Amino acid sequence: MDYWTLSSGNACRNGWSCRSCKKDISKGHPIIVREGRKLRFHYHKECFEGNGDPRTQKDSTFQLQGKYGKLQQEPPIVKGYGKWSVGSYGYNPAFR
């Protein structure tokens, strides 16, 4: 299993903001969700670029390393285990 999981669907509620453009994501609009072990990033479908790894997103923290210091070149090999682990990953608005 890759560290980052990509999934998509339609937003089931208001309140999320796009990680790229910082604008609100309205209920019912198509979204892409990038999810790691502890982090979940929401994007408008048209704002998403790259692949599952956030380092591939234009203007990501990784691309601006001079401002934020040294970041790892690669994601961890596995998501890891422990308190923040779940049975499945991915955006599933029907889950209760």
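As a reminder, the structure under discussion sits directly above these lines.
Just so you know, these numbers come straight off a predicted model, no measurement behind them. (Residues numbered from 1 in each chain as written. Predicted model: local features only at pLDDT ≥ 70, side-chain atom pairs only at ≥ 80, totals over all residues. Heavy atoms only, no water.)

Undergrad: Just checking my understanding: could you explain the overall build of the protein for this structure?
TA: Helices and strands together make up the secondary structure of the protein, namely 1 helix and 5 strands. Sequence-ordered secondary structure for the protein, helices as α and strands as β, is β-β-β-β-β-α. Burial statistics for the protein: of 96 residues in total, 34% are counted as buried. Across the protein, contacts joining residues at least 24 apart in sequence account for 46% of those joining residues at least 6 apart. Just so you have it, the protein exposes about 6800 Å², and 51% of that area is on carbon and sulfur atoms. (Helix = DSSP H or I, 4+ residues; strand = E, 2+ residues; numbered from the N terminus. Buried < 20%, exposed > 50% of the residue type's maximum accessible area, 1.4 Å probe, protein only. Contact = heavy atoms within 4.5 Å. Areas by Shrake-Rupley, 256 points an atom, 1.4 Å probe, with all protein chains shown as cover.)

Undergrad: What should I look at first to understand the sheet that holds strand β4 (residues 30-35) in this one?
TA: Strand pairing in a sheet relies on backbone hydrogen bonds, with the paired strands running either antiparallel or parallel. In space, the 3 strands of this open sheet follow the order β1-β4-β5, with antiparallel pairing throughout. The sheet is open, and its two borders are formed by β1 (5-10) and β5 (40-44), each paired with just one other strand. Direction aside, neighbouring strands of the sheet carry axes that sit 25 degrees apart on average. (Pairing = 2+ DSSP bridges. Axes fitted to C-alpha atoms, helices over the stretch in contact; angles between N-to-C directions.)

Undergrad: Can you walk me through the pattern of salt bridges in this structure?
TA: A side chain of one charge can pair with a side chain of the opposite charge if their charged atoms are brought near each other. Per the stated rule, a full pass over the model turns up 1 salt bridge. Of the charged contacts in the structure, one is a salt bridge between E35 and R40, with a shortest N-O distance of 2.4 Å. (Salt bridge = Lys/Arg side-chain N within 4 Å of Asp/Glu carboxyl O.)

Undergrad: Looking at this structure, I do not really get the nonpolar core. What am I missing?
TA: Generally speaking, nonpolar side chains in soluble globular proteins are found buried as a group. Counting 14 residues, the largest nonpolar core has A11, W16, C18, I25, I31, Y43 and Y91 as the members making the most contacts within it. Taken together, the elements giving at least two residues each to this core come down to β4 and β5. Here the element with the most residues in this core is β4; it accounts for 3 residues. Among all residues touching I31, those that are not within four sequence positions of it are S7, S8, G9, N10, A11, W16, I25, H42, Y43, K45 and Y91. (Core = buried A, V, L, I, M, F, W, Y, C linked by side-chain atoms within 4.5 Å.)

Undergrad: What am I meant to see in the side chain of H42 here?
TA: Note on placement: H42 falls in strand β5. The exposure class assigned to H42 is buried, which follows from its relative accessible area of 8%. Look past the residues within four positions of H42 in its chain and what remains in contact with it is W16, S17, C18, R19, I25, I31, I32 and V33.

Undergrad: Where do I start with the side chain of E35 in this structure?
TA: Along the chain, E35 turns up in strand β4. Engagement of the side chain of E35 in a polar contact is seen with the side chain of R40, the distance being 2.4 Å. (Polar contact = N/O pair within 3.5 Å; in protein donor to acceptor, adjacent residues only side chain to side chain.)

Undergrad: Help me out: how do you make sense of the pairing of β5 in this one?
TA: Looking along a regular strand, one sees the side chains alternate between the two faces of the sheet. For β5, a buried count of 4 out of 5 residues is recorded, marking the element as mostly surrounded by other parts of the structure. Sheet topology note: the β4/β5 ladder contains 5 bridges and is antiparallel. Counterpart to V33 in the pairing with β5 is H42. Between the end of β4 and the start of β5, which pair antiparallel, lie 4 residues.

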